[in-house]
Amino acid sequence: MIEVIVTAKQREAEDIYTFELARPDQLDLPAFDPGAHIDVHLPNGMVRQYSLCNHPAETNRYLIGVLKDPASRGGSFALHEQVFEGDRLQISEPRNLFPLAEKAKRSLLLAGGIGVTPILCMAQTLASAGEEFEMHYCARSRNRMAFMRQIAESDFADHVYLHFDDEAPEQQFEADKVLANPAPGTNLYVCGPAGFLDHVLQRASAHGWPAEQVHREYFAASPADHTDDAGFEIEIKSSGQVLVVPADRSALEVLEEAGIFIPVSCEEGVCGTCMTRVLKGEPEHRDLFMTEQERALNNQFTPCCSRAKSGRLVLDL
Ligand code: FES
């Protein structure tokens with residue numbers, strides 16, 4: 001855990017603030033690579049993850065961009081309303097689940113909404129390394145587009161295409177056009193809300209992008225449909241204890257109630273923090289974190305949101 005001070009809090013766009021974080025002693029922070037995020041421990045006790053959006057060469061500060069999401073369960077609300085310049089926060093060291101591929105010939109960066117944060121960091125890094133890339137950034141409207149001025153004033157502005165939902169048809173983002181050429185050596189990176197990602201991934205697949213050239217990070221999950229949820233059992237391997245997960249509760253809640261601690265962060269299947277090994281039984285994966293290949297192995301699941309297809313899961317706990 002690292003203690004930081006909020007050295008600047010700035011309105012970046014409608015419902016979006018940036019928070020600049022630095023050590024109280026002004027020493028360097030741990031290094032990070034593009035795509036990395038930190039866990040931020042909020043005043044209300046929640047832990048939330050935010051991508052770092054400044055250039056990794058800046059060693060004395062982290063910059064995060066936070067959208068106040070009306071669907072938020074308190075994370076973004078707490079940062080917007082309860083955290084101010086001069087406040088101290090606890091954060092984790094950076095972790096990277098969305099790294100740039102090594103030795104790519106070209107990178108195609110696609111951002112939807114606040115999903116721009118890791119993408120912006122990637123663009124800055126690729127630009128300063130003289131790498132070939134193209135960035136597309138979609139937002140509902142100009143007043144909701146964060147970092148617009150920073151991008152316009154950057155030396156990579158001519159690599160960036162901005163798209164607004166409420167403007168002329170000719171500037172709209174056309175996935176089929178942008179994804180038409182999955183050339184070997186070109187890597188695709190996409191970050192944004194679930195609807196945007198699902199659309200891009202579906203079109204990328206239709207255009208024949210190989211899975212290893214496609215990298216994605218979900219910003220938030222779509223609301224889950226619980227109408228067909230059924231109960232199931234979980235067995236704790238180490239003790240033999242069997243717990244019943246009713247249809248209206250998550251495995252995580254039941255485990256916590258039984259005093260079994262599972263580290264969590266997003267609590268909606270996006271981050272992978274709660275990933276737990278499954279020794280027997282078939283999970284019903286509802287996370288957005290694992291790849292299709294990882295899911296097919298059925299040897300781990302995310303108890304914060306996933307359930308079971310079999311009557312019982314035996315967990316390596
Ligand atoms: Fe993030 Fe479960 S806590 S996937």
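This text follows the structure it describes.
The following refers to the structure shown. Just so it is clear, the structure is predicted and the values come from calculations on it, not from any experiment. (Residues numbered from 1 in each chain as written. Predicted model: local features only at pLDDT ≥ 70, side-chain atom pairs only at ≥ 80, totals over all residues. Heavy atoms only, no water.)

### Structural notes on the side chain of Ser 306
Here comes step 1: Along the polypeptide, Ser 306 turns up in the loop between strand S17 (300-301) and strand S18 (307-308).
Here comes step 2: At 2.9 Å, the side chain of Ser 306 forms a polar contact with the backbone nitrogen of Arg 286. (Helix = DSSP H or I, 4+ residues; strand = E, 2+ residues; numbered from the N terminus. Polar contact = N/O pair within 3.5 Å; in protein donor to acceptor, adjacent residues only side chain to side chain.)

### A short note on the nonpolar core
Here comes step 1: If you look at the biggest cluster of nonpolar residues, it comprises 27 residues, and the most contacted ones within it are Leu 109, Ile 119, Met 135 and Tyr 137.
Here comes step 2: At the level of elements, strand S8 (106-112), helix H2 (116-128), strand S9 (133-139), strand S10 (160-164) and strand S11 (186-193) are the ones that each hand at least two residues to this core.
Here comes step 3: For Ile 119, the contacting residues outside a window of four places in its chain are Phe 98, Leu 109, Leu 110, Ala 111, Met 135, Tyr 189 and Cys 191.
Here comes step 4: By size, the runner-up hydrophobic cluster in this structure holds 22 residues, among which are Val 4, Phe 32, Ile 38 and Tyr 62. (Core = buried A, V, L, I, M, F, W, Y, C linked by side-chain atoms within 4.5 Å. Buried < 20%, exposed > 50% of the residue type's maximum accessible area, 1.4 Å probe, protein only. Contact = heavy atoms within 4.5 Å.)

### Here's the deal with the sheet that holds strand S13 (residues 232-236)
Here comes step 1: Spatial ordering of the open sheet is given by S14-S13-S19-S15-S17, a layout of five strands whose pairing is mixed. Two strands bound the open sheet, and with one partner strand each, they are strand S14 (242-245) and S17.
Here comes step 2: With two bridges joining them, strand S15 (residues 276-280) and strand S19 (residues 312-315) adopt antiparallel strand pairing. Paired with Val 278 across the bridge in S19 is Leu 315. (Pairing = 2+ DSSP bridges.)

### Notes on helix H1 (residues 75-82)
Here comes step 1: Along H1, the positions that sit buried rather than exposed are Gly 75, Ser 76, Ala 78, Leu 79 and His 80.
Here comes step 2: Looking at the buried positions of H1, the neighbouring elements they touch are strand S1 (2-13), strand S2 (16-22), strand S4 (47-51) and strand S5 (62-67).

### With respect to the side chain of His 80
Here comes step 1: Tracing the chain through its elements places His 80 in helix H1.
Here comes step 2: Given a relative accessible area of 6%, His 80 falls into the buried group.
Here comes step 3: Once you skip the residues sitting within four places of it in the chain, His 80 turns out to touch Lys 9, Asp 15, Ile 16, Tyr 17, Phe 19, Val 66, Leu 67 and Lys 68.

### Overview of the state of the cysteines
Here comes step 1: Using the criterion set out here, one finds zero disulfides in the structure.
Here comes step 2: Unpaired in terms of disulfides, Cys 305 finds its nearest cysteine sulfur in Cys 304, a separation of 4.0 Å.
Here comes step 3: Classification of Cys 305 as buried rests on a relative accessible area of 17%. (Disulfide = S-S within 2.5 Å.)

### Some remarks on unusual backbone geometry
Here comes step 1: Although it is not a glycine, Lys 103 sits at a positive phi angle of roughly 60 degrees.
Here comes step 2: Assignment of secondary structure puts Lys 103 in the loop between strand S7 (95-96) and S8.
Here comes step 3: The backbone of Phe 147 shows a phi angle near 65 degrees, a positive value even though the residue is not glycine.
Here comes step 4: Within the secondary structure layout, Phe 147 lies in the loop between S9 and helix H3 (148-153).
Here comes step 5: Here Phe 147 falls in the buried class, since its relative accessible area comes to 1%.

### Structural notes on the pairing of strand S6 (residues 88-91)
Here comes step 1: By the alternation rule, side chains of S6 split into Leu 89 and Ile 91, which are all buried, and Arg 88 and Gln 90, of which none is buried.
Here comes step 2: Sheet topology note: the S1/S6 ladder contains four bridges and is antiparallel. Residue pairing in the sheet places Val 4 in a bridge with Leu 89 of S6.
Here comes step 3: Here two bridges tie strand S3 (residues 36-41) to S6, and the two strands are oriented antiparallel to one another. Bridge pairing in S6 places Val 40 opposite Ile 91.

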